[in-house]
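Read off the chains here:
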Amino acid sequence: MQNKEQRTCPICGKTYHDHPALSRTDGRTEICPDCGTRQALEAVGIPAEKQEKILEVIHEKLGEREA
Ligand SMILES: [Zn+2]
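Residues numbered from 1 in each chain as written. Predicted model: local features only at pLDDT ≥ 70, side-chain atom pairs only at ≥ 80, totals over all residues.

Engineer: A description of the overall build of the protein chain should follow, citing residues and the corresponding values.
Structural biologist: A count of helices and strands for the protein chain gives two helices and four strands. The helix and strand sequence of the protein chain, counted from the amino end, reads β-β-β-β-α-α. A principal-axis box enclosing the C-alpha atoms of the protein chain has dimensions of 35 × 30 × 15 Å. Counting over 67 residues, the protein chain shows a buried share of 13%. Counting contacts in the protein chain only where the partners sit at least 6 residues apart, residues at least 24 apart contribute 4% of the total. (Helix = DSSP H or I, 4+ residues; strand = E, 2+ residues; numbered from the N terminus. Buried ≥ 20, exposed ≤ 12 C-beta atoms within 10 Å, placed from the backbone. Contact = placed C-beta atoms within 7 Å.)

Engineer: Before we move on, could you go through helix α1 (residues 33–43) and cite the residues and values that matter?
Structural biologist: Taken as a whole, α1 has its buried residues at Asp34, Cys35, Gly36 and Arg38. Remark: Gly45 follows α1 within two positions and exhibits a positive phi of approximately 85°.

Engineer: Would you mind going over the environment of Cys35 in detail, with residue names and values included?
Structural biologist: Along the polypeptide, Cys35 turns up in helix α1. Residue classification places Cys35 among the buried residues on the basis of 23 C-beta atoms within 10 Å. Excluding its chain neighbours within four sequence positions, the residues that come into contact with Cys35 are Cys9, Ile11, Cys12 and Ala21.

Engineer: Can you explain the environment of Val57? Please cite residues and give values.
Structural biologist: For Val57, the position within the fold is in helix α2 (residues 48–66). A tally of 10 C-beta atoms within 10 Å means that Val57 is categorised as exposed. Along the chain, Val57 and His19 lie 38 residues apart, while their C-alpha atoms are 19 Å from each other.

Engineer: Summarise the nonpolar core; cite the residues concerned and give the values.
Structural biologist: In this structure, Cys9, Tyr16, Ala21, Ile31, Cys32 and Cys35 together form the largest nonpolar core, which totals six residues. Not counting residues within four places of it along the chain, the set of residues in contact with Ala21 comprises Ile31, Cys32, Pro33, Cys35 and Gly36. (Core = buried A, V, L, I, M, F, W, Y, C linked by C-beta atoms within 7 Å.)

Nothing here speaks to function; it is all geometry.
What follows is the structure in structure tokens.
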């Protein structure tokens, strides 16, 4: 794919190429998929350390898929 724009996440400062997620705080700010996942997990009451664990698992699975 060619039109992969590089974006910078305003929350974690990471650059990413994936489709952005929308911040739940204002519904407009584009954030990286990881922060989107964090906010979604936060919204259902998952504590921060578990959020990171879940993200690790997601990254592992995505890595498998892209490999
Ligand atoms: Zn982020």
